[in-house]
Amino acid sequence: MPLLLILAAGLLLRLVVALLLPPGYDEAYYMFYGLHPALSYFDHPLGVGLWAWLGHGLPFGIVGLRLPSLISYTLASALLALACRRWFGAAAARWTVALAAVSPLLLLVGGVLLLPDAPLLLLLSACLWALAVEAPLPLLGLLLGGLTLAKYQAFPMLLSLLLWWLWQPLQRRRLLSPAGLGMGLAWLAASSPLWIWNLRHGWVSFLFQGGRTLGGPWFDPAGPPLFLISQVLALFPTIGVLLLLAAGPRPEAGTAQARSLLRALALPQLLLFVLLAGRMQVLVSWLVPAWWLLLPLAGERLAQAAQARAAWMRWWCPLTFGVPPLLSLLAAAHVRVGLANPLLPPAVDSSRELIAPQRLRRALQARPKLWRELSQARLIVGRRYYEPGFLALALGHDTRATFTTFNRDARGFAFWQPPGGFRGEGGILFSLRNPETPTSLPDWAAALGPMEPLGQVDLERGGQPAQVVEFWRFQPLRQSWPRPYGPARRIGA
């Protein structure tokens, strides 16, 4: 019963955050995955596309799109608790789920937003459960295949798991048995959509993601420690420090093999992305799977400390389980209505760029001519790949337009355009900008021909200017729009 109450409380917290938060940049883009079902996508496997497709079937706007993430995080926490209980006992399982329920980074990335991390954590927890109960290897292979379809971060974990199996004599014998072969075949079959799609499209997804890791020519020694500090702060300091301590060595007995497994899966990721932070921008979400793997070890430590009545638990528990939920709600409310506007100068508050769909919808409806133009448009073009989603959410069912971007960084939109590349179609170009930024059109807009201004809407948040949305009409395109990649690619475009 306590475990169910923790799961329910965590779901309620995330639901409130989901109701408050406007859509993020990635969510505004991933929502189109659900409108274009495919075996895989330009920048991710199909997991987040499946979540978006499920969310599109619900009549709740951005909250509906997030509902699969809200549910899958609860299921992932429950499966992680089952694995932890098997390895470290019921008390450790409860502490593990409690940490997952309140850590701002984990609950937001894995349990609120429409991101690839939501299916990743669910399949990762399912794999840990299968390992804990020693499920048949072919079943584990299917789950590992599903993990591969969630996010490319599965590959470091798969390699780490393979090396750990080869290092353990008993596991090595299982791996080299007929059942181990069945597991490999099951993994290949389950992950086949990823290989089939990329084979058909020149392995473009692997080339894109691989190119992002090349970074610059130099190594910045300040990058790794700063990134690690930012991760501890995002997890909440008391949780982040506990997870780092759990990753370290300590005198162990009993379930040492489970601890060895979790560290073998988590530490290579931790080391990889911390080092990459010295060469490139590492996104805050990239270490979420590593922290998730360390949660059972942290839960075990907390269970032991509670049993020993450790003095530090008297202040640690109220601080850890009381402050993060409050901070998460306050932060979400600020993004929504600008609670902290008096404290944050607009120049440093990038959260004002996130647009609540209903706010934009009301502003557009206040301009009847512009609303009519948008409602009747057949083609609407955003300046950047993440912009079309904001307008699509605001228009809702009042538009039947095709949304795209003509930017060279078009991501999946390069694959979703019709075979003719919009030749002969006119439409509306729109752009988002901060109020302090002067009006400007992208370089590629010149290829659209003469542009007719349709007007702009000014959005406020908390009584302060937040965003300006500008609109232009362009005439039918005389030729197919070139793409740097995708089915309509043209050499030299």
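Just above, that's the structure.
Residues numbered from 1 in each chain as written. Predicted model: local features only at pLDDT ≥ 70, side-chain atom pairs only at ≥ 80, totals over all residues. Heavy atoms only, no water.

A. Expanded view of the overall build of the protein. Looking only at helices and strands, the protein has 22 helices and five strands in total. What you see for the protein is a C-alpha radius of gyration of 24 Å, in line with the 23 Å of a compact globule of 493 residues. Dimensions of the protein, computed from the C-alpha atoms along their principal axes, are close to 75 × 55 × 45 Å. The buried share of the protein, reckoned over its 493 residues, is 54%. (Helix = DSSP H or I, 4+ residues; strand = E, 2+ residues; numbered from the N terminus. Rg over C-alpha atoms; globule rule 2.2 N^0.38 Å. Buried < 20%, exposed > 50% of the residue type's maximum accessible area, 1.4 Å probe, protein only.)

B. Molecular detail of the environment of V241. Mapped onto the elements, V241 comes out in helix α15 (residues 237-247). Considering only alpha carbons, one finds V241 and A298, 57 residues apart in sequence, at a separation of 9.9 Å.

C. How the structure looks around the packing of aromatic side chains. Enumeration over the complete set of coordinates arrives at 36 aromatic pairs. Consider the rings of Y29 and Y33, whose centres lie 5.5 Å apart with planes at 75°: the pair is edge-to-face. The burial state of Y29 is the same as that of Y33; both residues are buried. On the basis of an interplanar angle of 90° and a centroid distance of 5.9 Å, the ring pair of W312 and W316 is categorised as edge-to-face. (Phe/Tyr/Trp six-rings, centres within 6.5 Å; stacked < 30°, edge-to-face > 60°.)

D. How the structure looks around helix α8 (residues 137-148). For α8, with 12 residues, the first-to-last C-alpha span of 16 Å sits near the 16 Å given by 1.5 Å per residue. The buried fraction of α8 amounts to nine of the 12 residues, a majority that puts the element mostly inside the structure. Those residues of α8 that are buried lie in contact with α7 (117-132), α9 (154-167), α10 (169-175), α11 (178-190) and α12 (192-200). (Expected span 1.5 Å × (residues − 1). Contact = heavy atoms within 4.5 Å.)

E. Molecular detail of the side chain of R433. Summarising the element assignment, R433 is placed in strand β3 (residues 427-433). On the basis of relative accessibility, which here comes to 14%, the residue R433 falls in the buried class. Separated by 2.5 Å, the side chain of R433 and the backbone oxygen of T437 make a polar contact. Of note is the side chain of R433, whose polar atom sits 3.0 Å from the side chain of E470. (Polar contact = N/O pair within 3.5 Å; in protein donor to acceptor, adjacent residues only side chain to side chain.)

F. Spotlight on the pattern of salt bridges. Scanning the model with the defined rule gives 12 salt bridges in all. D349 is the partner of R461 in a salt bridge, and the nearest nitrogen-oxygen pair spans 2.6 Å. Placement of the pair is R461 in strand β4 (residues 451-461) and D349 in the loop between α18 (313-337) and α19 (357-365), with a sequence separation of 112 residues. Neither residue differs from the other here; R461 and D349 are each classed as buried. For D398, the salt bridge identified is with R361, shortest N-O distance 2.3 Å. Here R361 lies in helix α19 and D398 lies in the loop between α21 (387-395) and β2 (402-405), a separation of 37 residues in the sequence. Its relative accessible area of 33% is what places D398 among the partly exposed residues. For R361, a relative accessible area of 18% corresponds to the buried category. (Salt bridge = Lys/Arg side-chain N within 4 Å of Asp/Glu carboxyl O.)

G. Inspection of the pairing of strand β5 (residues 464-474) at higher detail. Counting buried residues in β5 gives nine out of 11 residues, a clear majority hidden from the surface. With 10 bridges joining them, β4 and β5 adopt antiparallel strand pairing. The partner of R461 across the bridge, within β5, is Q464. Once β4 ends, the chain turns through two residues before running back antiparallel as β5, passing G462 with a positive phi of about 65°. (Pairing = 2+ DSSP bridges.)

H. Quick look at helix α5 (residues 90-102). Taking 1.5 Å per residue as the helical rise, α5 with its 13 residues ought to reach 18 Å, and the 19 Å between its terminal C-alpha atoms agrees with that figure. Most of α5 sits inside the fold, with 10 of its 13 residues counted as buried. The set of residues buried in α5 consists of A92, A93, W95, T96, V97, A98, L99, A100, A101 and V102. Taken together, the buried residues of α5 touch α1 (2-20), α4 (61-88), α6 (104-111), α15, α17 (288-307) and α18.

I. Inspection of a nonpolar patch on the surface at higher detail. Taken together, L326, L327, L330, V337 and L339 make up a surface patch of nonpolar side chains, about 450 Å² in accessible area. Position of L326 among the secondary structure elements: in helix α18. (Patch = residues over 30% accessible without salt bridge, like charges linked within 9 Å, V, L, I, M, F, W, Y side chains within 5 Å. Areas by Shrake-Rupley, 256 points an atom, 1.4 Å probe, with all protein chains shown as cover.)

J. Examining the environment of F42 more closely. You can see F42 is positioned in the loop between α2 (25-30) and α3 (47-56). The sequence separation of F42 and Q358 amounts to 316 residues, and the corresponding C-alpha distance is 30 Å. Not counting residues within four places of it along the chain, the set of residues in contact with F42 comprises W197, V204, S205, F208, R411, G412, F415 and Y485.

K. The arrangement of unusual backbone geometry in detail. One non-glycine residue with positive phi stands out, namely W203, at about 55°. By the secondary structure assignment, W203 is in the loop between α12 and α13 (204-212). For W203, a relative accessible area of 35% corresponds to the partly exposed category. Phi is positive for R309, which is not a glycine, with a value near 55°.

L. Main features of the packing of α1 against α4. Running from N to C, α1 and α4 point in directions that differ by 155°, and their axes come no closer than 10 Å. Relative to α4, the element α1 lies roughly antiparallel. With respect to the hand of their crossing, α1 and α4 are arranged in right-handed fashion. Judged by residue contacts, L3, L7, L11, R14, L15, A18 and L19 of α1 engage V63, R66, L70, Y73, T74, S77, A78 and A81 from α4. Taken together, the residues that form the contact of α1 with α4 break down as 11 nonpolar, two polar and two charged. (Axes fitted to C-alpha atoms, helices over the stretch in contact; angles between N-to-C directions. Parallel < 35°, antiparallel > 145°, perpendicular 65-115°, else oblique. Left-handed = near helix turned anticlockwise from the far one by under 90°. Nonpolar A, V, L, I, M, F, W, Y, C, P; charged D, E, K, R; others polar.)

M. Region of the structure containing the sheet that holds strand β1 (residues 379-382). Strand order in this open sheet of five strands is β2-β1-β3-β5-β4, and the pairing throughout is mixed. Each having just a single partner strand, β2 and β4 make up the two edges of the open sheet. Here the strands of the sheet are splayed against their neighbours by 25° on average, with no regard to which way each runs. With four bridges connecting them, β1 and β2 associate as parallel partners.

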